[in-house]
Protein chains: 2
Amino acid sequence: MHGLADDFVAELCEWIAIPSIGADPAHHADVARSAEWLATALRRDGWPTVEVWDTGPALPAVYACWPAEDPAAPVVLVYGHHDVQPVDPVEHWQHPPFEAVVRGEELFGRGASDDKGQVAMHLLGLRAHLAATGQTAPSVTLKLLVEGEEESGSPHIATLLAEHRTKLGADLVVFTDTPLFDRSAPTVCTGQRGHITATITMTSGNSDLHSGRFGGGVPNAAIALARLVAAVHDEQGRIAIPGFYDDVREPSALEREHFARLPFDEAAWLAGPADGVTAATGEAGWTTLERTWVRPTAEITGIHGGYTGPGVKTIVPRQASTALTCRLVPDQQLDRVQELIRRFVAEHTPPGVTAEVVFHGSGVPPYAVDIDHPATLAVRDALAAAFDQEVLFSRTGGSGPAALLHAWLDVPVVYFGATLPDDRIHAPNERVVLPVLLRGAEALARLWRLLPDRLRTPAAEPAGITAELGLAGSARPEPGREQEANRA
Amino acid sequence: MHGLADDFVAELCEWIAIPSIGADPAHHADVARSAEWLATALRRDGWPTVEVWDTGPALPAVYACWPAEDPAAPVVLVYGHHDVQPVDPVEHWQHPPFEAVVRGEELFGRGASDDKGQVAMHLLGLRAHLAATGQTAPSVTLKLLVEGEEESGSPHIATLLAEHRTKLGADLVVFTDTPLFDRSAPTVCTGQRGHITATITMTSGNSDLHSGRFGGGVPNAAIALARLVAAVHDEQGRIAIPGFYDDVREPSALEREHFARLPFDEAAWLAGPADGVTAATGEAGWTTLERTWVRPTAEITGIHGGYTGPGVKTIVPRQASTALTCRLVPDQQLDRVQELIRRFVAEHTPPGVTAEVVFHGSGVPPYAVDIDHPATLAVRDALAAAFDQEVLFSRTGGSGPAALLHAWLDVPVVYFGATLPDDRIHAPNERVVLPVLLRGAEALARLWRLLPDRLRTPAAEPAGITAELGLAGSARPEPGREQEANRA
């Protein structure tokens, strides 16, 4: 692994040097160069099929396939992305964002963690898998889809999936764009939230009116809107939109127990990642991790009405708007939530006021994989062996195209990531912790070995998993697996 | 009166030609020219003392005094202003705003109604008074204070009052900057609301946070602010700030009866002045006129938080602000209302959120004169004679420096105005209706005659006023007054 690792670091640095900022049209040529770089690397590794999909409307995506020797082996599609976030504020970077630097265990640079580092981990993982097994082809048929628009919200992922549905066909999707819970607590992510955003505009007349002459006698659009917003949550922090929780799938007792066992230091989280929030608040009856992972939300992401410049303008504003973003969890349906929001707004529009609700696109659906799915358990076991410790279940509160992959390809999606939540993705000084990423590659090498067996016996393990709960060393590799671990 | 009126129109056109926009530093020289124009006109009329107060910090104000022959005669200070509103959007004017034009009964131009026309009305009124009485001095000692900053909120009126308190000493202030209720229903205004504005800022952390990663687990400043705003009113439209109504002086039964008798067409008001509001709303138990005249309000004049640009930014905003403007009525005290607001905000600041309350200046106090004050009744009788019809009591919902004049000079303030609510003050195509203004001058000529007698018997009429209610022709001039009317 060590020889492989040296090459790996050099390669990743080379790839990071290509500023593939998908959100910036000035960098679209770099997104294309980044795709070419990846295609070249894949070909160099011996992937038999490598394609750059660059015929639009999506920014260039890379597709590759390496069939297993056994035509009956499971087909696994790995999802990742090669576009990166913008680098502003660039003056806060300690090194130039596209000149990757290794300092101790860390490799700094834009995309080091999100998601070039994790895609490169897959290349390394397969090399390790082949080296460890002595095979000339992987134990599963591996497909790779590395898109170039994830940081822009994957606007054309459905187009790619529709167009290449047959080619992308698989028994399982491995989704690689989420982190471990913590370096000290590697986890299997089992789901992401979805989201939907409505802009709600309330209007009470054609003009702003003088607050002296008219104030008290006419509706105030800003007050009407504030009353609507205030009605969205009850005193317990629950969302008071009727029907909102109808389709919410509650986490299992096992998941809640895993979440509770994670080393979550709320005070440190507030002071650190949450940058100075003084109190964790939210829906009564749920922990902070649960509130941000498995519970839906309704957040006001922006609100505006009337005069907001310097000084005072004594008006009754005619109009006010707000953006309401709901994070959704399985099994909430985007169209049903839209309907519930529309109805709620209509019911909270007072006399003399009209309300308009506009949704920004159709939203991103939530997704979660069964924790007792054999592939979930295989990921857990592979990570446990590579990290040599128990691996718990986690979730992530953000959103991604996992549900779309699931919907279009009609197969389960499991999450496999080996980066860390404090990698400063989307922020200055993004980094990846190399030893963690290398363990991830090691786990992948093992995962491809495990999957043929595990996927042959679906619905096998629920009893085992539940029984396992009581065992402290539950995730310790079994003897048979230990051997694999040594070889990966 | 007709010869006087011709001169009057020519003079007013000349004055309007000076664009004394106090809010625009580029026009400050014009404010000075406007003050000089007025001083010259007053001197031409024979006012023995005329001063331009131009030593700052206030923009130039004009002071004048014309003593009565009888040193025991009451001293009356007339308040008005000579600065005008900006003219934007200038393209909506049918004539250039500073080239006054007479069309039929209307004189168009910026300041025609607010307030040059009404100040000019005082000049004309005194000429008519002298002509009608054959006196060489008015029946009361007349003082004039015409400031140059009213449209900027009279920021230095207290400075002027403090500096010239002795010189401005009077038994009564006649405040001339309010309209009649309607051409068909001349009224005596008996009060203006005050106002106070607080900017309330809620902060939940140091940074906007990602709505996926943190949403549901941390406070949302925009939601906290909206919940505060929503708590300001109860379901009946009453202000729910504890103690807010403690000092509110309710209008008398007589006033409410007068208001109810005014020809107020709510549907026309909504479609016209309120520019398309579809429903009058407000505090339960009060009419629209009462809600806008004698009831306090709490209006959100602006609200802002989070991301409000195009598209969506999936954040939990760290901060949101709102401007809360309360219109106040007697006997609400500015400092007490400030304290109530501060307490209310503190009580509605949820865990994890901090709130800051900043008041814009100390606010403008409310003012109302007793409806049975002899001077109020004298104004009513003078108007009734000039307009030859019953004159009811009204109020105005806006604010002005009447309470400050009252507080500094320690005398009652009565309102005397002869303009109309649809004069489009502060808007394009401001106009004044000349026959109405001329009747106002006629009423003034009579008022100065009435006041020496009326002010000699203070607290005389309450019983009479109340008894008068039952009389249809209550405001008909008494015989003695009719004679004066013919002479004015």
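Reading guide: rules and limits
Residues numbered from 1 in each chain as written. Chains lettered and ligands numbered in written order. Predicted model: local features only at pLDDT ≥ 70, side-chain atom pairs only at ≥ 80, totals over all residues. Heavy atoms only, no water. Phe/Tyr/Trp six-rings, centres within 6.5 Å; stacked < 30°, edge-to-face > 60°. Helix = DSSP H or I, 4+ residues; strand = E, 2+ residues; numbered from the N terminus. Buried < 20%, exposed > 50% of the residue type's maximum accessible area, 1.4 Å probe, protein only. Pairing = 2+ DSSP bridges. Axes fitted to C-alpha atoms, helices over the stretch in contact; angles between N-to-C directions. Contact = heavy atoms within 4.5 Å. Buried area = accessible area lost by both parts, 1.4 Å probe. Salt bridge = Lys/Arg side-chain N within 4 Å of Asp/Glu carboxyl O. Polar contact = N/O pair within 3.5 Å; in protein donor to acceptor, adjacent residues only side chain to side chain. Least-squares fit on C-alpha atoms with pLDDT ≥ 70 in both. Domains from an automatic or database assignment. Nonpolar A, V, L, I, M, F, W, Y, C, P; charged D, E, K, R; others polar.

The name given to chain A in an unreviewed UniProt entry is Acetylornithine deacetylase/Succinyl-diaminopimelate desuccinylase, with Goodfellowiella coeruleoviolacea as the source organism.

**As for the packing of aromatic side chains**
Remark: the centre distance and the inter-plane angle together describe each pair of aromatic rings, the angle taken between the planes. All chains considered together, the criterion is met by 22 aromatic pairs over all chains. Considering the side-chain rings of A:Y79 and A:F175, the 4.8 Å spacing of their centres and the 15° angle between planes classify their relative orientation as stacked. Of this pair, A:Y79 sits in strand β3 (residues 75-81) while A:F175 sits in strand β7 (residues 172-175), and the two are 96 residues apart along the sequence. A:F175 matches A:Y79 in its accessibility class, with the two residues each being buried. Arranged with centres 5.6 Å apart and planes meeting at 65°, the rings of B:F264 and B:W269 form a pair that is edge-to-face.

**So, the sheet that holds strand β14 (residues 354-359) of chain A**
Spatially, the 8 strands line up as an open sheet ordered β14(A)-β9(A)-β13(A)-β11(A)-β11(B)-β13(B)-β9(B)-β14(B), and their pairing is antiparallel. Looking along the sheet, the strands with just one partner apiece sit at the ends: β14 of chain A together with β14 (354-359) of chain B. For this sheet, the mean inter-axis angle between neighbouring strands, taken without regard to orientation, is 20°. Set on the sheet, helix α10 (residues 334-347) of chain B makes contact with β9 (194-203), β13 (319-328) and β14 of chain B; between it and β14(B) the angle comes to about 165°.

**Quick notes on the interface of chain A and chain B**
Each side of the interface is counted separately: chain A has 68 residues, and chain B has 68 residues. Summing both partners gives a buried area of about 5300 Å² for chain A against chain B, and 55% of it is carried by carbon and sulfur. When the buried surface of chain A facing chain B is broken down by residue, A:R227, A:E299 and A:I303 rank first, second and third, together holding 11% of it. Linking chain A with chain B are 2 salt bridges. Where chain A packs against chain B, one counts 30 residue pairs in polar contact (both at pLDDT 80 or more). Looking at the side of chain A that touches chain B, the elements that each hand over two or more residues are β10 (209-210), α6 (221-231), α9 (288-293), β11 (299-306), β12 (315-316) and β13 (319-328) of chain A. With 8 residues, the top contributor of residues to the side of chain A that touches chain B is β11(A).

**A few points about the sheet that holds strand β8 (residues 187-192) of chain A**
All names here are of chain A. Here 3 strands make up an open sheet; going across it, the order is β15-β8-β16 and the pairing mixed. Each of the sheet's edge strands pairs with one partner strand only, and the pair in question is β15 (367-368) and β16 (392-396). Against the sheet, helix α11 (residues 374-387) contacts β8 and β16, and its axis sits at roughly 145° relative to β8.

**Topic: the pattern of salt bridges**
Residues and elements named next belong to chain A. Here the structure, examined in full by the defined rule, presents 48 salt bridges over all chains. With a shortest N-O distance of 2.7 Å, R261 and E390 are connected by a salt bridge. Of this pair, R261 sits in helix α7 (residues 253-261) while E390 is found in the loop between α11 and β16, placing the two residues 129 residues apart along the sequence. A relative accessible area of 24% means that E390 is categorised as partly exposed.

**Comments concerning the relation of the copies chain A and chain B**
The operation relating chain A to chain B is a screw motion whose rotation component is 179°, with 0.0 Å of axial translation and a residual RMSD of 0.1 Å. Viewed as a symmetry operation, the transformation between the two copies matches a two-fold axis.

**Structural notes on the domain arrangement of chain A**
Residue and element names in this part refer to chain A. Looking at the assigned domains, one finds that chain A contains domain 1 (2-191 + 366-487) and domain 2 (194-248 + 296-359). The straight-line distance from the C-alpha centre of domain 1 to that of domain 2 is 40 Å. Taken together, the contact between domain 1 and domain 2 spans 6 residues of the former and 7 residues of the latter. Summing the contributions of domain 1 and of domain 2, the shared interface buries around 460 Å²; its carbon and sulfur component is 63%. Counting across the interface, domain 1 meets domain 2 through 0 salt bridges. For the pair domain 1 and domain 2, the interface holds 1 residue pair in polar contact (both at pLDDT 80 or more). Residue composition of the side of domain 1 that touches domain 2, by class: 3 nonpolar, 3 polar and no charged.

**Concerning unusual backbone geometry**
It is generally the case that most residues other than glycine have a negative phi and that most peptide bonds are trans. In this structure, A:P57 follows A:G56 across a cis peptide bond, with omega equal to -5°. Here A:P57 lies in the loop between β1 (49-53) and β2 (61-66). With an omega of 5°, the peptide bond running from B:D114 to B:D115 counts as cis. In this fold, B:D115 is placed in the loop between β5 (106-108) and α3 (116-133). Of note, the phi angle at A:D275 is positive, near 50°, even though the residue is not glycine. In this structure, A:D275 sits in the loop between α8 (266-271) and α9. Owing to a relative accessible area of 27%, A:D275 belongs among the partly exposed residues under this scheme.

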